[in-house]
Amino acid sequence: MTYFRRSPAALLLVAALFAPNVQLIAQVPTASASRNVQSQIERDEARVKAIINAAERLWYEGTLHLKDNQRLQARDKFDKSVDVVLESGMDVRGNPRLQQYYSELVERIYRLEVGAGQPQPSLVAQVAQTLAPAQDGRTIVTATPAQDGKLNPPPPQVGFREQKFEPSPLDDLSKLKLTTAEEQVTTEELVELEETKLSLGFKFNTHALVQQYINYYQGRGRSTMESGLRRSGRFMRLAKRIFREEGVPEDIAWLGQVESAWRPTARSWAAASGLWQFIPSTGSRFGLRQTAWVDERNSFEKATRASARYLKWLNNRYNGNWELAMGAYNTGEGNIDRAIRRAGRPDFWATYPFIAQETRNYVPNILATILIAKNPAKYGFHNIKPEAPLSYDEVRVPSATSLQLIANLTGSSLDYLRSINPELRRDVTPRGEAYVVRVPAGRATQFVAGLRGVPAGLRDGGGVQLASKSYVRAGQTAPTGSSLKKVRAKAGETIASIAARYGVAADEVARLNGIAANIALTANQEITVPSQGAGSAPARPTRRR
């Protein structure tokens, strides 16, 4: 029930704001309509078949391009095959056959990308490291191969970890039903909403649904909002800077909260991934690489910039209407264009009956989130401290450098390296190319120095196996009669000093652990050493010539 003041002016305002809802009621299926679900699926069969045939034709054309090694053309056809399904205007999840086909199509495309491979360029040998300041106080360092710069031939891929994902909040959003209490909106709240929106950096039409979602977040959705406001601190400074540089209102960066709850590894039913939930085809359109090694949809900087550029492109398409741009960001411009044609005018609330339920919830949800985030205390969210912005250095490393090796050399953990490099699909950087990887802030120079002392064969994630935080080269065997043991380092110790203490060769201990002999270790860092006298020669000073 909705409560109003009984003044004529207020009634006119509220009538205007609620007018679209009269049309919406007719869109809700009745109980008797549920008995016709099967017949509706049967009626859609011909249309589903046509969609699948169109997607398959594009898929087949893509495979022909791939056979001719025309990878860009193949990628374009594969992207279009995905778009045919998503922009068909049908509720993909509402039709079991179409949803199954879509899932299989995305899987086929991914498997082709993994299996097709690309030529493996050699790296040019460089000896000097380069330190350069970057934005946000980060440091970019180039780490290049030692000695002659040659790399071993690519070994088999061993011990790779497939990237893990978290559920996208968009999936729950699509099923969200507001309660009767949440739908209660007063005239005073609508008038205040009309005034509050003036503080934002963009315009939108006031609608009761926006206030209803504010009510939701003030009640049963409170924990979701609080968590998002806290986690936003990690990325908001970066997001606002990039949106500002791309000419998109900074407030719209809060779209990331609804898209992913600020989780770089969020993934939706439609295979949308990352902070900004790009589906594979749209990610490719805006320059995000998706290979067997990396998925830049999960990148912090690249995906954020792609998101801003896509939003700006959509806003231009809809003549400055941010509500339509946001709707198209969620459901695709093809579906919004179709809804506009059916509604007869380019207005989001007019298109509301003709768009998917997820998108109906999506736009007012984002507007509510932006208003709350702009002034949390106004809406009852007090003393919520955003988390600190992510801080890291960037280092250019050689082909296929192991994340575990990086963790060892920087005194961090594999899980932490994964968390700040979410675009990596494996626990190793891409093979066949130098790659900029993120390392803990302030550790870049330490890491570069340590990496130079590690033999090229032990940098490679494919040629080493993980064993209790230590790396042993694949195929390497311990000396006859020897055994290995774990010891704990003291703060500041090195591989060389530990080797001397246990009477074993420093270069052998360095190989076992993938750590240079002269790198300072952290307190309690676990190091593998051969047992004394079990076939290992003691460390000896090098003869000078």
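One structure accompanies this document, and this report is about it. (Residues numbered from 1 in each chain as written. Predicted model: local features only at pLDDT ≥ 70, side-chain atom pairs only at ≥ 80, totals over all residues. Heavy atoms only, no water.)

1. Here we look at the overall build of the protein chain
A count of helical and extended segments in the protein chain gives 21 helices and ten strands. Put simply, the protein chain has 545 residues, and 50% of those count as buried. Long-range pairs, those at least 24 residues apart, make up 72% of the contacts in the protein chain with a sequence separation of at least 6. Total accessible area computed for the protein chain in this model is approximately 25,800 Å², and 52% of it derives from carbon and sulfur atoms. (Helix = DSSP H or I, 4+ residues; strand = E, 2+ residues; numbered from the N terminus. Buried < 20%, exposed > 50% of the residue type's maximum accessible area, 1.4 Å probe, protein only. Contact = heavy atoms within 4.5 Å. Areas by Shrake-Rupley, 256 points an atom, 1.4 Å probe, with all protein chains shown as cover.)

2. Comments concerning the environment of E182
Along the chain, the position of E182 falls in the loop between α6 (169-173) and α7 (187-196). Along the sequence, E182 and N215 sit 33 residues apart, while their C-alpha atoms lie 5.3 Å from each other. Residues within four places of E182 in sequence aside, it is in contact with K177, Q212, N215, Y216 and R220.

3. Concerning the environment of I515
Mapped onto the elements of the fold, I515 is located in the loop between α21 (506-513) and β10 (526-530). Along the sequence, I515 and P455 sit 60 residues apart, while their C-alpha atoms lie 9.5 Å from each other. Discounting residues that sit within four places of it in the chain, I515 has contacts with N408, L409, V454, I495, A510, L521, Q525 and I527.

4. Here we look at the side chain of N421
Following the sequence through the fold, N421 ends up in the loop between α18 (414-420) and β6 (435-440). With a relative accessible area of 1%, N421 lands in the buried category. Sequence-distant contacts of N421, defined by excluding residues within four places in its chain, comprise V437 and R438.

5. A few points about the pairing of β6
Of all six residues making up β6, five are buried, and the element is well covered by its neighbours. Taken together, the six bridges between strand β5 (residues 392-397) and β6 define a ladder with antiparallel strand orientation. Among the inter-strand pairings, E394 is bridged to a residue of β6, identified as R438. (Pairing = 2+ DSSP bridges.)

6. Some thoughts on the pattern of salt bridges
Tallied over the entire structure, the rule returns 28 salt bridges. Put simply, R108 and E56 hold a salt bridge, and the shortest N to O gap is 2.7 Å. Remark: E56 occurs in helix α3 (residues 45-67) and R108 occurs in helix α5 (residues 96-116); sequence separation between them is 52 residues. Look at R108 and you get partly exposed, because its relative accessible area is 26%. If you follow the salt bridges from partner to partner, you end up with R241, E245, E246, R305 and R309 in one network. (Salt bridge = Lys/Arg side-chain N within 4 Å of Asp/Glu carboxyl O.)

7. Side note on the nonpolar core
Within the largest apolar cluster, 67 residues are counted, with the highest numbers of intra-cluster contacts made by F202, W276, M326, Y329 and Y362. Counting residues per element, this core draws most heavily on helix α16 (residues 357-374), at nine residues. Formed by 38 residues, the second largest nonpolar core is a distinct cluster that contains V294, A444, A499 and A510. (Core = buried A, V, L, I, M, F, W, Y, C linked by side-chain atoms within 4.5 Å.)

8. Some details on helix α4 (residues 71-86)
Over its 16 residues, α4 extends 23 Å from the first C-alpha to the last, a length consistent with the 22 Å expected when each residue adds 1.5 Å. Turning to α4, its buried residues are A74, R75, K77, F78, D79, S81, V82, D83, V85 and L86. (Expected span 1.5 Å × (residues − 1).)

9. Some words on unusual backbone geometry
For A400, which is not a glycine, the phi torsion comes out positive at approximately 50°. The residue A400 is located in the loop between β5 and α17 (403-410) in this model. Relative accessible area serves as the criterion here: at 0%, A400 is assigned to the buried category. A positive phi angle, close to 70°, is found at N524, a residue other than glycine. Locating N524 in the fold gives a position in the loop between α21 and β10.

10. A word on the side chain of T304
On the secondary structure map, T304 appears in helix α12 (residues 301-317). What T304 contacts, discounting residues up to four positions off in sequence, is L238, A239, I242, F243 and W276.

11. Let's talk about the packing of aromatic side chains
With the rule as written, the count across this model stands at 17 aromatic pairs. Seen from their ring centres, F286 and Y310 are 4.9 Å apart, and the 45° between their planes marks the pair as tilted. Within this pair, whereas F286 is found in the loop between α11 (280-285) and α12, its partner Y310 is found in helix α12, the two being separated by 24 residues in sequence. An aromatic cluster of at least three residues, connected via ring pairs, comprises F235, F243, W254, W262, W276, F300 and Y392. In this arrangement the basic side chain of R222 is found over the ring face of F381, its NZ or CZ atom lying 4.4 Å from the centre. A cation sits over an aromatic face here: R438 above Y392, 5.5 Å from the ring centre. (Phe/Tyr/Trp six-rings, centres within 6.5 Å; stacked < 30°, edge-to-face > 60°. Lys NZ or Arg CZ within 6 Å of the ring centre and 35° of its normal.)

It is worth stressing that arrangement in space is one thing and function is another; only the former is reported here.
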